Amino acid sequence: MGQTQMGPWEPAEHLETTEDMVAYLNVALEEGDLSLIMAVLEDIARARKMGAVAQETGLEKESLYESLSPNGNPEFATVLKVVGTLGLRLQVTAVPSDS
């Protein structure tokens, strides 16, 4: 039996529903790592077709890729615009106290 060649795992290919995307982003937000959050937003944007997301946000596709890269540093307004374009909404909840 021959060896199976596998390429790199592509998260965007597995984000089929809005619920998948919400769960994926919520896990990243819980981690609190900005580079992870940006990478997850990029994955979700690619799942929703980056060109369409860029057009809806009014940003150039290359600029959107750069902003959402793990090393990107987008303005919060850009993040909110992208999240809204993706059909998502950020929501704040209280952190449970230790008492």
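Residues numbered from 1 in each chain as written. Predicted model: local features only at pLDDT ≥ 70, side-chain atom pairs only at ≥ 80, totals over all residues. Heavy atoms only, no water.

Caption draft 1: Representation of helix α3 (residues 50-57) within the structure. Among all positions of α3, only Met50, Val53, Ala54 and Thr57 are buried. Looking down the long axis of α3, one finds its buried residues gathered within 100° of arc, a one-sided arrangement. Of the exposed residues in α3, those oriented more than 90 degrees away from the buried face are Gln55 and Glu56. Contacts made by the buried residues of α3 are with α2 (34-47), α4 (61-68) and α5 (76-85). Once α3 finishes, glycine 58 follows within two positions and takes phi at roughly 80°, a positive value. (Buried < 20%, exposed > 50% of the residue type's maximum accessible area, 1.4 Å probe, protein only. Helix = DSSP H or I, 4+ residues; strand = E, 2+ residues; numbered from the N terminus. Arc of directions from axis to C-beta. Contact = heavy atoms within 4.5 Å.)

Caption draft 2: Inspection of the pattern of salt bridges at higher detail. Going through the model one piece at a time under the given rule, you end up with two salt bridges. Linking glutamate 10 and arginine 46 is a salt bridge whose minimum nitrogen-to-oxygen distance equals 2.2 Å. On the criterion of sequence distance, the pair formed by glutamate 10 in the segment before α1 (18-31) and arginine 46 in helix α2 is long-range, its members being 36 residues apart. Its relative accessible area of 24% is what places glutamate 10 among the partly exposed residues. (Salt bridge = Lys/Arg side-chain N within 4 Å of Asp/Glu carboxyl O.)

Caption draft 3: Highlighting the nonpolar core. Leu25, Leu41, Ile44, Leu64, Leu68 and Leu86 are the most contacted members of the largest nonpolar core, which has 20 residues in total. Ranked by residues supplied to this core, first place goes to α2 with six residues. For leucine 25, the contacting residues outside a window of four places in its chain are Ile37, Val40, Leu41, Ile44 and Leu88. (Core = buried A, V, L, I, M, F, W, Y, C linked by side-chain atoms within 4.5 Å.)

Caption draft 4: Just α5, in detail. For α5, every residue scored as buried is listed here: Thr78, Val79, Val82, Val83 and Thr85. Along α5, the residues classed as buried sweep out an arc of 165° about the axis, all on the same side. Considering only its buried residues, α5 is in contact with α2, α3 and α4. Glycine 87 lies just past α5 and shows a positive phi near 80°.

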